[in-house]
Amino acid sequence: MTPLEALLIRRIAATGPITVADYMAECLLHPEHGYYTTRQPFGTAGDFTTAPEITQMFGELLGLCLAQTWLDQGSPAAFTLAELGPGRGTLMADALRATRAVPGFHAAAQVTLIEASPALRQTQAATLGPHEAIWLDDISDLPQAPLFLIANEFFDALPIRQFTRDRDGWREHMVGLTDGSLSFGLSDAAQLGLLTHRLADTNPGDIVEVCPAAPGIIEAIAQRIGAHCGAALVIDYGNWGSNGDTLQALRAHAFTPPLATPGEADLTAHVDFAALARAAAPCAVGRADQRTLLTRLGLHARATRLAQNLQGAALESHLAATHRLTDPTEMGTLFKALTLYPLGHNAPPGFD
Ligand code: SAH
């Protein structure tokens, strides 16, 4: 039994079942036993690998996309260059290296990282080296200034609530106890205002997921971009809308039951991009799947250029990385990108 499992069992025995969102929040960010607070989850030695850890090209192309958008919006003199959930800091480091030659871009940028984990903040500082960055706890702490922001595999880590449609209401998925062990159960059916809009496109028995924190985060980003200009690039796995149970736990690159090892596996859910877009009101939004976005941003030209200096195993792994990011059987279409940008401006390059 993990230490967090013992704590959760005691809590549920005392005060009753908790929502899936409460369970996820404890597992991921418990101050002592949370997954992100206690470990370095990335890479072959960790539990999962993200696009910036697969190839430098990912951060380079997204950095150049933001820099081009900054130029297109008249090169605002002082702006926030932000990343939400920067992991090891690899994406930001690649983006900064790729944009070194964009005149004035670095001088005007205040690199700002929003990160909950103290351990990962240290890793990010080491990765960024001489670049001066500041760290924020919360998106609402972002200054009122032009905002150019990237979030890769951030929203999938936010806690979700799950509901099964009943004939005349919704039953929430809860984590309770069966014979003293954690188990899933359903609450009594209730009418829920937050799911009224899903009555038309679901049937009894269908499962829908809601990420309560996501709209507020998007609203904070959209407010700054709407008022001061900028752009946001949100990349993650997910769909347009939510249908079905997508809660998953990953440990040492293998799926494991979500209740099996609380605090010791990564817990995520697919992102509902339609819900993010609905919260982006003061901004225009654009969409593309990862394959389309990276291809339009010049992935293949960049890959060819890098391949010229590689041979043997390094070349093989470089070619495999390009394939992994774009192939429809790998990350190419499961991963989607959403952009927010000011009304009346062009979308960032790569988006419709
Ligand atoms: N973007 C990185 C890492 C993705 S993992 C990459 O592509 O490699 C998710 C990241 O979000 C981690 O850095 C994690 O510590 C951070 N995180 C998770 N929940 C958070 C929250 N509520 N607030 C801030 N950061 C959070």
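All figures in this text were calculated on a predicted structure; none of them were measured in a lab.

Moving on: the environment of E53. Mapped onto the secondary structure, E53 falls in helix 4 (residues 51–54). Through-space distance from the C-alpha of E53 to that of F42 is 7.8 Å; in sequence the pair is 11 residues apart. Once residues lying within four places of it in the same chain are set aside, the contact partners of E53 are F42, R88 and T90. Polar contacts involving the side chain of E53 include one to the side chain of R88, which spans 3.1 Å.

This brings us to the nonpolar core. In terms of nonpolar packing, the biggest core is built from 57 residues, with L84, L149, F155, I221 and L340 touching the most fellow members. With seven residues, the top contributor of residues to this core is helix 9 (residues 214–228). Each residue touching L149, except ones within four places of it in the same chain, is listed here: L66, A82, L84, I139, L142, I221, A231, A232 and L233. Counting 43 residues, the second-largest nonpolar core is a separate cluster that includes L61, L91, L293 and A303.

For helix 13 (residues 312–326), with 15 residues, the first-to-last C-alpha span of 22 Å sits near the 21 Å given by 1.5 Å per residue. Turning to helix 13, its buried residues are H318, A321, T322, L325 and T326. With its buried residues spanning 110° around the axis, helix 13 presents them on a single face. Of the exposed residues in helix 13, those oriented more than 90 degrees away from the buried face are A313 and E316. Residues of helix 13 that are buried sit in contact with helix 4, helix 5 (56–72), helix 11 (290–296) and helix 12 (299–307).

Tallying each qualifying case throughout the model produces eight aromatic pairs. With centroids separated by 5.3 Å and ring planes inclined at 75°, the aromatic side chains of Y35 and Y36 adopt a geometry described as edge-to-face. No difference in accessibility class separates Y35 from Y36, as the two residues are buried. Seen from the ring of W170, R165 lies directly overhead, with NZ or CZ sitting 6.0 Å from the centre. Just above the ring of W240 sits the side chain of R287; from NZ or CZ to the centre is 3.5 Å.

What follows concerns the site of the ligand. Around the ligand lies a shell of 16 residues, among which T50, G85, G87, E115 and N152 are the nearest. The separation between an oxygen atom of the ligand and a polar side-chain atom of E115 is 2.5 Å. Here a nitrogen atom of the ligand sits 3.2 Å away from a polar atom, N or O, in the main chain of A116. When the ligand sits alone it has 570 Å² of accessible area, and the protein chains cover 92% of it.

This part takes up the sheet that holds strand 13 (residues 266–268). Taken in spatial order, the three strands of this open sheet run 12-11-13, and their pairing is antiparallel. Of all the strands in the sheet, the pair left with one neighbour each is strand 12 (254–256) and strand 13. Each strand axis lies, on average, 40° off the axis of its neighbour in the sheet, ignoring direction. As paired strands, strand 11 (residues 248–251) and strand 13 are joined by three bridges and run antiparallel to one another. The residue bridging L250 from the neighbouring strand is D266, located in strand 13.

Another aspect to go through is the packing of helix 5 against helix 12. Between helix 5 and helix 12, the least distance of the axes is 11 Å, while the angle of their chain directions is 130°. The orientation of helix 5 relative to helix 12 falls into the category oblique. Judged by the sense of rotation from one axis to the other, the crossing of helix 5 with helix 12 is right-handed. On helix 12, the residues touching Q56, M57, E60 and L61 of helix 5 are L299, R302, A303 and L306. A breakdown of the residues in the contact of helix 5 with helix 12 according to their chemical character gives five nonpolar, one polar and two charged.

When its volume is computed, the largest pocket comes out at roughly 690 Å³. In this structure, the largest pocket is lined by 38 residues; those nearest its centre are G85, A116, F154, A157 and L158. Where the lining of the largest pocket is concerned, the elements lending two or more residues are helix 2 (20–29), helix 4, strand 2 (79–84), helix 6 (90–98) and strand 13. Classifying every residue of the lining of the largest pocket by side-chain character gives 21 nonpolar, eight polar and nine charged.

What counts as what
- Residues numbered from 1 in each chain as written.
- Predicted model: local features only at pLDDT ≥ 70, side-chain atom pairs only at ≥ 80, totals over all residues.
- Heavy atoms only, no water.
- Helix = DSSP H or I, 4+ residues; strand = E, 2+ residues; numbered from the N terminus.
- Contact = heavy atoms within 4.5 Å.
- Polar contact = N/O pair within 3.5 Å; in protein donor to acceptor, adjacent residues only side chain to side chain.
- Core = buried A, V, L, I, M, F, W, Y, C linked by side-chain atoms within 4.5 Å.
- Buried < 20%, exposed > 50% of the residue type's maximum accessible area, 1.4 Å probe, protein only.
- Expected span 1.5 Å × (residues − 1).
- Arc of directions from axis to C-beta.
- Phe/Tyr/Trp six-rings, centres within 6.5 Å; stacked < 30°, edge-to-face > 60°.
- Lys NZ or Arg CZ within 6 Å of the ring centre and 35° of its normal.
- Near = heavy atom within 4 Å.
- Areas by Shrake-Rupley, 256 points an atom, 1.4 Å probe, with all protein chains shown as cover.
- Pairing = 2+ DSSP bridges.
- Axes fitted to C-alpha atoms, helices over the stretch in contact; angles between N-to-C directions.
- Parallel < 35°, antiparallel > 145°, perpendicular 65-115°, else oblique.
- Left-handed = near helix turned anticlockwise from the far one by under 90°.
- Nonpolar A, V, L, I, M, F, W, Y, C, P; charged D, E, K, R; others polar.
- 1 Å grid on protein atoms, 1.4 Å probe; cavity = no way out; pocket = protein on both sides within 12 Å on 5 of 7 lines; lining within 4 Å.
- Points joined across faces, edges and corners; volume = space filled by probe spheres on them.

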